[in-house]
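Descriptive structure summary
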Amino acid sequence: MSFFGLFTVPAPFAPDRATARTIRELHELCANGILIVAGVHALAALYHHFVRRDTVMARMLPGDR
């Protein structure tokens, strides 16, 4: 495995299509999970700001309060 073209690191395991497919699927699943969690987090912040009208979003901002 080439590290940004600077040097080569030996592969930790032998190339295998089934393992590569499993790792790719796991990577996609984790990426989608992070996107879902970030989206729910943003929606929760908007809910607090516009529906509950509390100071949660204001407390997240830097500066004087």
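In this text, all values refer to a predicted model and were calculated from it rather than measured experimentally.

Parameters at a glance
- Residues numbered from 1 in each chain as written.
- Predicted model: local features only at pLDDT ≥ 70, side-chain atom pairs only at ≥ 80, totals over all residues.
- Heavy atoms only, no water.
- Helix = DSSP H or I, 4+ residues; strand = E, 2+ residues; numbered from the N terminus.
- Buried < 20%, exposed > 50% of the residue type's maximum accessible area, 1.4 Å probe, protein only.
- Areas by Shrake-Rupley, 256 points an atom, 1.4 Å probe, with all protein chains shown as cover.
- Lys, Arg positive; Asp, Glu negative; His and termini not counted.
- Charge placed at Lys NZ, Arg CZ, Asp CG, Glu CD.
- Phe/Tyr/Trp six-rings, centres within 6.5 Å; stacked < 30°, edge-to-face > 60°.

Things to note about the overall build of the protein
- Helices and strands together make up the secondary structure of the protein, namely 2 helices and 2 strands.
- Secondary structure elements in the protein, listed N-terminal to C-terminal, are β-β-α-α.
- Looking at the protein as a whole, 2% of its 65 residues are labelled buried.
- Here the protein has roughly 6200 Å² of accessible surface; of this, 68% comes from carbon and sulfur atoms.
- Of the charged side chains in the protein, 7 are positive and 5 negative, and the gap between their average positions amounts to 5 Å.

Some words on the packing of aromatic side chains
- If you walk through the whole model with that rule in mind, you get 2 aromatic pairs.
- Their ring planes at 70° and their centres at 5.0 Å tell us that Phe-3 and Phe-4 sit as a pair that is edge-to-face.
- Assessed through its relative accessible area of 40%, Phe-3 is described here as partly exposed.
- A relative accessible area of 72% places Phe-4 in the exposed class.
- Each residue in the set Phe-3, Phe-4 and Phe-7 is aromatic and connected to the rest through ring pairs, giving one cluster.

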